[in-house]
Amino acid sequence: MTAAFVAAGLGIIPGIAQAADPVPVAAGVAEAIAKASTSEGFHSPADRTIRTTLPTATEGKAKANSETAAPQKAQAARTEQAAPAQNAEAAPTEQAALDAGANPALAVDVSGTSYTAHGIELTALITSADFALDIVIDWGDGKTDTVTAQGNYELHHSHTYDKSGEYQVQVKVTDTANAVQATNGGAFLTPGADFTPHTPTRLLDTRNGTGAAVGKVPGQGSARVKVAGNASVPAGVTAVALNVTVTETVDSGHVTVWPGTGYDRPNTSNLNYTAGRSVPNMVIVPVGEDGYVELFNGGWQPVDLIADVTGYFTRASASGYTSMTPARFVDTREGVGTARGKLAARSAFTTRIGGLQGVPQNIKAVALNVTVTEPEGPGHMTAFSGTGPVPTASNLNFVPGQTVANAVIVPVAEDGTIKIFNGAWSPTHVVVDVVGYYSPDSKAAFLPFTPFRTLDTREEAYGWPGGRFRAREYITQGFTPEAATGVEAYVLNATVTETRGTGFLSVAPSPYALPAEGEPAAPAGPRPVSSTLNWTTGDTVPNLVQASDGDHGVITFWNQGHEDADLVLDVFGVYQTKCPPGGRARARATLAPFGLRRGRQDAVASRCRPWVCRCGGPVWRRRQNKGMTGRHECVPATPGKGVSVGSSRVAA
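Here the structure is a predicted model, which means the values were calculated and not measured. (Residues numbered from 1 in each chain as written. Predicted model: local features only at pLDDT ≥ 70, side-chain atom pairs only at ≥ 80, totals over all residues. Heavy atoms only, no water.)

Colleague: Go over the overall build of the protein, please, and point to the residues and values.
Modeller: Counting its regular elements, the protein contains four helices and 39 strands. Counting over 652 residues, the protein shows a buried share of 54%. A sequence separation of at least 24 residues applies to 79% of the contacts in the protein between residues at least 6 apart. Surface summary for the protein: the accessible area is close to 27100 Å², and the carbon and sulfur share equals 52%. (Helix = DSSP H or I, 4+ residues; strand = E, 2+ residues; numbered from the N terminus. Buried < 20%, exposed > 50% of the residue type's maximum accessible area, 1.4 Å probe, protein only. Contact = heavy atoms within 4.5 Å. Areas by Shrake-Rupley, 256 points an atom, 1.4 Å probe, with all protein chains shown as cover.)

In structure tokens:
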């Protein structure tokens with residue numbers, strides 16, 4: 001079977017898909033989400049309270065009387081005669097009101113932090129004499145909440161913002177009886193970051209001295225790349241999307257990209273290479289506080305390194321992310337999305353993404369997996385906006401006869417189009433799969449992780465019992481723990497190694513929930529036809545995967561080859577969205593198309609475990625649905641019940 005057929009998912013004889021050995025829920029995900037979404041927040045102590053004296057009720061009544069009183073001399077005379085007695089009686093009362101009206105203790109201590117990409121947890125400690133208080137929380141986004149209290153009061157409230165950004169939060173406490181008001185607050189910056197596409201621009205090329213000194217990066221050495229403040233990337237950028245290429249290799253090795261100074265280099269890799277190959281891979285990496293990222297050559301021989309920026313993330317309102325089940329938009333072998341036939345040398349085609357196959361028209365960028373197959377000569381491929389000149393940057397490199405795929409994030413033109421340019425001097429076929437898109441209406445913000453490994457089939461580790469990733473089988477792994485909510489997709493790096501034949505890897509959300517311990521394995525979902533990465537005999541191939549976890553928090557990895565291989569998975573971050581209105585979380589259960597199990601009709605919904613939601617309100621848990629309605633709701637959680645993070649098992 002040729003690699004060309006493998007890339008398209010064609011020519012494969014359908015069979016019964018088998019699951020590989022059990023893999024536990026990905027360890028470390030819950031902790032990584034909690035760490036990434038916990039912001040420094042703000043704290044404004046009580047001594048910063050601004051006190052304001054309000055117009056008193058007495059002053060208001062006096063003014064009204066002066067405007068409406070009738071000039072009745074008899075009444076005035078009686079009033080003047082009674083005045084001394086009334087004044088004598090009123091004097092101590094007015095003095096008491098003045099003393100109480102000062103309410104000298106009235107103050108508010110305000111602090112805000114977060115445990116989600118868009119959320120804030122507010123705590124206000126109010127000090128007051130024993131008077132009724134009206135409290136208004138201004139969240140800074142045009143929305144407010146009101147609370148009433150009496151005397152000293154400890155307030156805990158949460159709120160979820162529609163978009164990433166900085167918001168001025170203010171707590172205003174009013175003591176109406178004594179005509180005094182206390183105000184305090186601070187600036188809150190959401191932990192989640194939104195994406196801004198960037199015209200592909202080269203930041204580093206050690207072959208010609210772009211961004212660093214001319215010369216190869218030595219084995220076990222590093223190259224530092226300035227990102228913030230470079231090529232119109234703003235200061236304050238939190239993460240960057242780079243296409244990293246290693247070339248002029250003379251031995252095997254790997255490349256690791258990380259924030260650099262002040263950070264420990266992770267024990268994960270972003271791309272792997274062998275002698276004589278140029279290997280690209282998309283990387284989404286946090287930017288260091290100094291505005292740099294660092295590229296480490298994990299091999300023992302020098303290599304040249306190239307880095308092209310395609311976009312960046314900031315904690316300001318821009319474009320959020322929406323994941324998709326991978327969908328094929330272009331295949332030049334079949335005439336899908338463009339003319340049928342190989343893309344000619346040094347030429348480009350335009351294809352529409354916005355407005356097709358569920359992708360909205362107003363997208364700003366698109367996440368693709370681009371595959372080159374059956375190339376007749378060496379070259380490179382570049383994806384870019386449907387308008388504008390061809391950039392000097394490249395997205396993937398290839399040699400004659402090679403089938404190679406790479407993840408790409410591409411700016412989209414106003415008319416919803418992108419272009420694909422063949423930089424080779426020979427024709428080639430091109431396949432384009434869409435895995436997600438960025439738009440102002442998309443709600444998911446990016447939270448970067450310190451990278452960690454969740455699976456390596458070469459080792460009896462990470463819960464894997466040992467053994468290879470068997471041909472034509474799949475591995476299903478639970479990713480989203482029950483304590484995490486609002487996950488849209490994970491940023492993974494998938495590497496296939498120790499290959500014995502041609503094949504390709506597919507990644508897709510599972511349409512089924514994980515069964516409880518001791519229950520039969522869930523059936524396999526439909527076998528995907530899209531490819532995430534392709535390999536031939538002896539290859540080690542990495543690729544970035546922006547993988548949706550579907551409705552159940554479960555991702556399936558398919559070995560679409562006819563020979564065994566090994567699979568390595570590293571996690572680099574998560575896209576987290578806000579909960580739907582009313583504090584309700586996305587139900588991680590849906591009705592199954594196959595409801596017969598153990599001789600009775602049963603919905604998948606009925607065997608889903610409870611899980612919690614912390615978005616926009618108190619702690620909630622999902623109430624299990626025992627029937628076939630497929631409805632799910634969040635109800636107040638009982639502490640210590642309905643939460644069993646990390647206890648799930650994956651179907652065999």
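Colleague: Go over the nonpolar core, please, and point to the residues and values.
Modeller: In terms of nonpolar packing, the biggest core is built from 34 residues, with Phe479, Tyr490, Leu492, Leu505 and Phe557 touching the most fellow members. Elements with a contribution of two residues or more to this core: α2 (29–37), β27 (445–456), β29 (487–497), β30 (503–509), β31 (533–535), β32 (541–547), β33 (554–559) and β34 (566–576). (Core = buried A, V, L, I, M, F, W, Y, C linked by side-chain atoms within 4.5 Å.)

Colleague: Which residues make up the sheet that holds strand β12 (residues 222–226), and what values do they have?
Modeller: One open sheet holds the four strands; their spatial order is β12-β17-β14-β15, and the pairing between them is antiparallel. A strand with exactly one partner marks an edge of an open sheet, and here the two such strands are β12 and β15 (271–273). Each strand axis lies, on average, 20° off the axis of its neighbour in the sheet, ignoring direction. Of the pairings in the sheet, the one linking β12 to strand β17 (residues 292–297) comprises five bridges and is antiparallel in character. In the strand pairing of β17, Arg224 is matched with Glu294. (Pairing = 2+ DSSP bridges. Axes fitted to C-alpha atoms, helices over the stretch in contact; angles between N-to-C directions.)

Colleague: Please give an account of the packing of aromatic side chains that cites residues and values.
Modeller: Within the structure shown, the criterion is met by 14 aromatic pairs. Both rings, one in Phe479 and one in Phe557, keep their centres 6.4 Å apart while their planes meet at 50°; by these two values the pair is tilted. Remark: Phe557 occurs in strand β33 and Phe479 occurs in the loop between β28 (473–478) and β29; sequence separation between them is 78 residues. Above the face of the Trp258 ring, Arg265 is positioned so that its terminal group lies 5.9 Å from the ring centre. Here Arg346 stacks its cationic end above the ring of Trp425, 5.0 Å away from the centre of that ring. (Phe/Tyr/Trp six-rings, centres within 6.5 Å; stacked < 30°, edge-to-face > 60°. Lys NZ or Arg CZ within 6 Å of the ring centre and 35° of its normal.)

Colleague: Let's hear about the side chain of Asn103: which residues, and what values?
Modeller: By the element assignment, Asn103 lies in the loop between α4 (73–102) and β4 (107–113). In contact with Asn103, not counting residues within four places along its chain, are Arg51, Ser128, Ala129, Phe131, Asp175 and Val180.

Colleague: Can you tell me about the pattern of salt bridges, naming the residues and giving the values?
Modeller: All chains considered together, the criterion is met by 15 salt bridges. Linking Asp290 and Arg224 is a salt bridge whose minimum nitrogen-to-oxygen distance equals 3.2 Å. Here the residue Asp290 occupies a position in the loop between β16 (279–286) and β17, and Arg224 occupies one in strand β12, the gap between them amounting to 66 residues. Between Glu473 and Arg470 there is a salt bridge whose closest N-O contact spans 2.9 Å. According to the relative accessible area criterion, Glu473 is buried, its value standing at 12%. Residues joined by salt bridges that share partners form a network here, namely Arg202, Asp205, Arg207 and Asp308. (Salt bridge = Lys/Arg side-chain N within 4 Å of Asp/Glu carboxyl O.)

Colleague: Describe in detail the pairing of β28, supporting the description with residues and values.
Modeller: In terms of burial, β28 is largely enclosed, as six of its six residues are buried. Burial of β28 is two-sided: the residues Glu473, Ile475 and Gln477 facing one way and the residues Tyr474, Thr476 and Gly478 facing the other way are all buried. Bridge count between β28 and β33: five bridges; the pairing is antiparallel. Directly across from Gly478, in β33, lies its bridge partner Val554.

Colleague: Give a description of the confidence of the model for the protein that names residues and reports values.
Modeller: Residue-level pLDDT values for the protein average 81, and 77% of them are 70 or greater. The low-confidence segment residues 1–16 (pLDDT under 50) makes 38 contacts with residues lying over four places distant or belonging to another chain. Scored below 50 in pLDDT, residues 580–652 makes 166 contacts in the model with residues more than four places away or belonging to other chains. (pLDDT = per-residue confidence, 0-100.)

Colleague: So what's going on with the sheet that holds β32? Which residues, and what values?
Modeller: Reading across the sheet, the four strands line up as β27-β34-β29-β32 and stay open at both edges, with antiparallel pairing between neighbours. Sheet topology places β27 and β32 at the edges, where each strand pairs with a single neighbour. Geometrically, the sheet is characterised by an average inter-axis angle of 20° between neighbouring strands, direction not taken into account. Examined bridge by bridge, β29 and β34 share ten bridges and lie antiparallel to one another. What sits directly across from Thr495, in β34, is Val568.

Colleague: Which residues make up α2, and what values go with them?
Modeller: All buried positions along α2 are accounted for by Val29, Ala32, Ile33, Ala36 and Ser37. Relative to the axis of α2, the buried residues are bounded by an arc of 115° and lie together on one face. Among the exposed residues of α2, those oriented more than 90 degrees off its buried face are Glu31 and Lys35. Looking at the buried residues of α2, the elements they touch are β27, β29 and β34. (Arc of directions from axis to C-beta.)

Colleague: Give me the lowdown on the pairing of strand β18 (residues 304–314), citing residues and values where you can.
Modeller: Most of β18 sits inside the fold, with eleven of its eleven residues counted as buried. Bridging between strand β11 (residues 194–205) and β18 involves eight bridges; their strand directions are antiparallel. Bridge assignment links Asp205 to a residue of β18, and that residue is Ile306. When strand β13 (residues 239–247) meets β18, the two strands line up antiparallel, connected through nine bridges. Bridged to Ala241 within β18 is Gly311.

Colleague: Quick rundown of the environment of Gly276? Include the residues and the values.
Modeller: The residue Gly276 is located in the loop between β15 and β16 in this model. Sequence separation between Gly276 and Glu248 is 28 residues; the distance between their C-alpha atoms is 6.3 Å.

Colleague: Could you give an account of unusual backbone geometry, naming the residues involved and the relevant values?
Modeller: Unlike most non-glycine residues, Ser232 shows phi in positive territory, near 70°. Structurally, the position occupied by Ser232 is in the loop between β12 and β13. Given the relative accessible area of 68%, Ser232 is considered exposed. A positive phi is found at Arg346, a non-glycine position, where the angle reads about 55°. As for its placement among the helices and strands, Arg346 is situated in the loop between β19 (320–331) and β20 (348–352).

Colleague: Explain the environment of Asp134 to me, using residue names and the numbers behind them.
Modeller: Looking at the element boundaries, Asp134 is found in strand β6 (residues 132–138). Note on Asp134: relative accessible area 39%, which makes it partly exposed. Sequence separation between Asp134 and Gln181 is 47 residues; the distance between their C-alpha atoms is 9.4 Å. The contact partners of Asp134, leaving out residues within four places of it in the chain, are Val147, Thr148, Lys172, Val173, Thr174 and Thr176.

Colleague: Quick rundown of the environment of Leu447? Include the residues and the values.
Modeller: Checked against the element boundaries, Leu447 lands in strand β27. Put simply, Leu447 and Phe572 are 125 residues apart on the chain and 9.0 Å apart in space, counted from C-alpha to C-alpha. Dropping the residues within four chain positions of it, Leu447 is found in contact with Ala36, Ser37, Ala117, Pro191, Gly192, Gly573, Val574 and Gln576.

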